[in-house]
Amino acid sequence: MKRILGLMLGLAFGLSSAVASAQGVLIITNHPGPLPRPWPHPTPIHVRPPSPPSVSYKIKELSVQARITDQVGRVQVSQSFVNTGSTQMEVQFLFPLPYDGAVDKLTLLVDGKEFPGKLMPAKEARSIYEAIVRSNKDPALLEWMGSGLFQTSVFPVPPGAERKVTLNYNQLLRKDRGLTDFLFPLSTARYTSHAVENVEFHVAIESAIDIKNVYSPTHTVDIKRPDARHAVVSYSRANEVPSSDFRLLFDVDKGQVGASVIAYRPKESEDGFFLLLASPQVKAADAERPKKTVVFVLDRSGSMSGKKIEQAKSAVKFVLNNLREGDMFNIVAYDGAVESYRPELERYTDETRKAALGYVEGLYPGGGTNIAGALSTALGHLKDNSRPNYVLFLTDGLPTIGETNESKICATAKDANKVRARVLSFGVGYDVNSRLLDRVSRDGFGLSEYVRPDEDIEAHVSTVYSNISSPVLTDVAVNFELDGIRAEDGPPVNRVYPKGNFDLFEGQQLVVVGRYRKPGAAKVVIKGHVSGQEQKFDFPATLIEKSGDESYAFVEKLWAMRRIGEIIDQLDLVGKNEELVKELVDLSTKHGILTPYTSFLADDTLRPLADAGAIRRAGESLRELDQASGLGGVAQRAEKGRFQNATTAVPESRALPAFSGGAGGALGGPGASFTGNSFRDLKTDKEVAADSVRQYGNQAVYARKRVAADPGKTECEIVVTPETAGLDLVKDRDQIEIVDRFTDAYFALVKANSVAENQMLSQQRDGEQLLIKLRGKNYLVR
């Protein structure tokens, strides 16, 4: 093992953002051919599925158990493979080595027995990767070109047999800009004939210094913080085909608040992108927390009868049972009339909790809906701005009593909010005025949450309340200070999201994204209030001049998702603006981010992409925002909120769509996962698959109707990027170099490519042509 460690330390890996740990694949040696992919593929239903292959396998289960102590990771990976073909397979288990750091104590078990293997440095491994790609006529392994390799000897897998492969290793994790980076190449698990039945991650982090930020840019993970120096991160999915690698970042720091900044600037001529992670100190369970005030506003109109009122009452009870000694609270119940539980705020004790629970139990539905009166009454209870104030406002209908004009209701609520209380609105069902709720929440420094008819009200309310139950800093502002910036130069950062001031909560991972004009050393200043007293924290940051690779490309895409949410919000609540419509189309096109208003990008006949016609189509689709209520109105505001509050830049796997032709079909139902893009259908409030819009590495690509590259050649689907979509294969032939796959010219191109560029080639599907620009030159890879 010492020899392995020494060899690893001596290797000069040419990777900067590729694989960092050992998720492997099976290479079938006795029947060379492409690696398995799940069927059904996202293909129109008139295409008949192929017969089951005689040689294929599926990954049944994948479990990753990791323990990270400071910067050292101890990892165990277990995979169960099943031979789904009709022929015995002779296979090798193959996986790439980490791109930096050291690996020690690497062992491989097959069905519990240690199995021999060979460790190869990057130069030797390259010839192995290339030989497999040539033999199998499959580009999948190209993304690992430049990394080292561990390869086992051959072992048999009879038809129907299952083999469990277990890998144990220690690894020194990469650390950059104060963030420790755990990267697991989960996307290799997409090479399977069926969806993976169970994917499970369990990562335990332990540090000698307080852990502050724990963040995954790729997956929605569950994070538990038992104390300041331990964190447990888990992720579990069933029947999925992973679409992206699993990445986890964390930092450590002393003090009440910790912060780290990641900067990404692909072009020196344009503004860069930054991501700020901030997290407060995790306190002991018995430590004193700042006191807060919560007012719950409950709709008890006639339309709330039945299951809705019972769920709503359960939601109020959840909040009451989770307040803390010293908190203040009240309940406002409304139908046509408005009633406060107490004439003034009540101090929370066990006795007042029991009395309030009794009041809630006695609420019954009936009558109209006086939204304006309910909001004014609730906000009127709040007079102390030295403590955090929250209004949880729930309704299932339109205003029918009192003031019913949307603009006037919003203006009245805004004027009544004297203490900068945060209004958290919950719209129940499809009959609410979703635009009204969004406007009330925006003016009230809060957010809107929409509960579909088949969803549970209590689940939504309890999730939101749990996130805000322990405010640490309120009215928080973030500023960047750079040397050499003059007042006339304007602010050093711009288009920062979330906008405005916010509250920071215990256990919450704050994610702020924005853009910067000038690179250099910076100081991040975070200011907020605790019990009415101002607190100030500052942290060093570096806004880089030019990124050397795409390790942090997710920062740009996450910013684009938040920016799209902000654009839609402006168009919804302020009105149409041609410049914003164009920016919406440009961002959607560049990043492959589909919205209900740019879903036309999934039309496989559309070329070029972001032209005047596309802007016109988006403008026409945006008329849907005129729907304030109904299924379409709620679907739009919920989707807008999803973009505004995005925390990951990579769409996770979803259930495979049942295709009905065209762009795709509604997502849902059993079967393999779908890993392409999707958009929200405003007629059904369902996700719709759009396999013609894909993500090849960090690049958005678009599959278009079958065309012929040369006269007389067989027609073939062509995949383009936003840069190459306007090229004509005949008229622009002199601007395009044609490269046939798996030839010497192809591998020469692979050798010249960066890791990110080879990731694009590795995902090219069989039978398609890929029109891309690499290093300023157009290539048609076919």
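For the structure, check the block above.
Residues numbered from 1 in each chain as written. Predicted model: local features only at pLDDT ≥ 70, side-chain atom pairs only at ≥ 80, totals over all residues. Heavy atoms only, no water.

**What to know about the overall build of the protein**
Thinking step 1. A tally of helices and strands in the protein yields 14 helices and 42 strands.
Thinking step 2. Excluding contacts between residues fewer than 6 apart, the proportion of contacts in the protein whose partners are at least 24 apart in sequence is 75%.
Thinking step 3. Only carbon and sulfur atoms are counted for the fraction: they give 49% of the accessible area of the protein, which is about 31100 Å². (Helix = DSSP H or I, 4+ residues; strand = E, 2+ residues; numbered from the N terminus. Contact = heavy atoms within 4.5 Å. Areas by Shrake-Rupley, 256 points an atom, 1.4 Å probe, with all protein chains shown as cover.)

**Let's talk about the nonpolar core**
Thinking step 1. Counting residues in each nonpolar core, the largest one holds 78 residues, and the members touching the most others are Phe-182, Ile-205, Phe-246 and Tyr-746.
Thinking step 2. Contacts of Phe-246, omitting those with residues within four sequence positions, involve Phe-182, Leu-183, Phe-184, Leu-186, Phe-201, Thr-218, His-219, Val-221 and Tyr-235.
Thinking step 3. Leu-179, Ile-262, Leu-580 and Ala-618 belong to the second largest nonpolar core, which has 60 residues in total. (Core = buried A, V, L, I, M, F, W, Y, C linked by side-chain atoms within 4.5 Å. Buried < 20%, exposed > 50% of the residue type's maximum accessible area, 1.4 Å probe, protein only.)

**A look at the environment of Tyr-702**
Thinking step 1. Summarising the element assignment, Tyr-702 is placed in strand β38 (residues 699–707).
Thinking step 2. Using a relative accessible area of 0% as the deciding quantity, one classes Tyr-702 as buried.
Thinking step 3. In the structure, Tyr-702 is positioned 110 residues away from Gly-592 in sequence and 8.3 Å away in space, judged by C-alpha atoms.
Thinking step 4. Apart from the residues within four sequence positions on either side, Tyr-702 is in contact with Ser-588, Thr-589, Gly-592, Leu-601, Leu-609, Ser-692, Val-693, Ile-718, Val-719, Val-720 and Pro-722.

**Observations regarding unusual backbone geometry**
Thinking step 1. Cis rather than trans, the peptide bond between Tyr-497 and Pro-498 has omega equal to 10 degrees.
Thinking step 2. The phi dihedral of Asp-111 is positive, around 50 degrees, even though this residue is not glycine.
Thinking step 3. On the secondary structure map, Asp-111 appears in the loop between β5 (103–110) and β6 (113–114).

**Looking at the pairing of strand β2 (residues 57–69)**
Thinking step 1. Summarising the sheet, β2 and strand β3 (residues 72–83) pair through 12 bridges and their orientation is antiparallel. Within β3, the position partnered with Ser-63 by the bridge is Ser-78.
Thinking step 2. Between β2 and β3, which pair antiparallel in sequence order, lie 2 residues; one of them, Asp-70, sits at a positive phi of approximately 55 degrees.
Thinking step 3. Pairing between β2 and strand β13 (residues 196–206): 9 bridges, direction parallel. Considered in β13, the bridge of Arg-67 is made with Ala-204. (Pairing = 2+ DSSP bridges.)

**Description of helix α3 (residues 307–321)**
Thinking step 1. In this model α3 runs 21 Å from its N-terminal to its C-terminal C-alpha over 15 residues, within 8% of the 21 Å that 1.5 Å per residue would give.
Thinking step 2. Of all the residues in α3, the buried ones are Ile-309, Gln-311, Ala-312, Lys-313, Ala-315, Val-316, Val-319 and Leu-320.
Thinking step 3. Check the buried side of α3 and you find it contacts β20 (293–299), β21 (328–334), α4 (350–361), β24 (389–395) and α8 (457–468). (Expected span 1.5 Å × (residues − 1).)

**A word on the sheet that holds strand β12 (residues 179–184)**
Thinking step 1. Taken together, 4 strands build an open sheet; the order of strands is β11-β12-β17-β14 and the sheet is antiparallel. Every interior strand has two partners, whereas the edge strands, β11 (174–176) and β14 (211–215), have only one. Averaged over all pairs of adjacent strands, the angle between their axes in this sheet comes to 25 degrees, without regard to strand direction.
Thinking step 2. In terms of strand pairing, β14 meets strand β17 (residues 246–252) through 3 bridges, oriented antiparallel. The residue of β17 that forms the bridge with Ile-211 is Val-252. (Axes fitted to C-alpha atoms, helices over the stretch in contact; angles between N-to-C directions.)

**So, the packing of α3 against α8**
Thinking step 1. Where α3 contacts α8, the two axes come as close as 8 Å, and the packing angle between them is 20 degrees. Between α3 and α8, the angle falls in the class roughly parallel. The chirality of how α3 crosses α8 is right-handed. Contact residues: Lys-308, Gln-311, Ala-312, Ser-314, Ala-315, Phe-318 and Val-319 in α3; Ile-457, Glu-458, Val-461, Ser-462, Tyr-465 and Ser-466 in α8.
Thinking step 2. Split by residue class, the contact of α3 with α8 holds 7 nonpolar, 4 polar and 2 charged. (Parallel < 35°, antiparallel > 145°, perpendicular 65-115°, else oblique. Left-handed = near helix turned anticlockwise from the far one by under 90°. Nonpolar A, V, L, I, M, F, W, Y, C, P; charged D, E, K, R; others polar.)

**Quick notes on the packing of helix α6 (residues 406–416) against helix α7 (residues 434–443)**
Thinking step 1. At their nearest, the axes of α6 and α7 sit 10 Å apart, and the two run at 25 degrees to each other. Relative to α7, the element α6 lies roughly parallel. Seen from above, α6 lies across α7 with right-handed handedness. Contacts from Glu-406, Ile-409, Cys-410 and Lys-414 of α6 reach α7 at Arg-435, Leu-436, Arg-439, Val-440 and Asp-443.
Thinking step 2. Taken together, the residues of the contact of α6 with α7 break down into 4 nonpolar, no polar and 5 charged.

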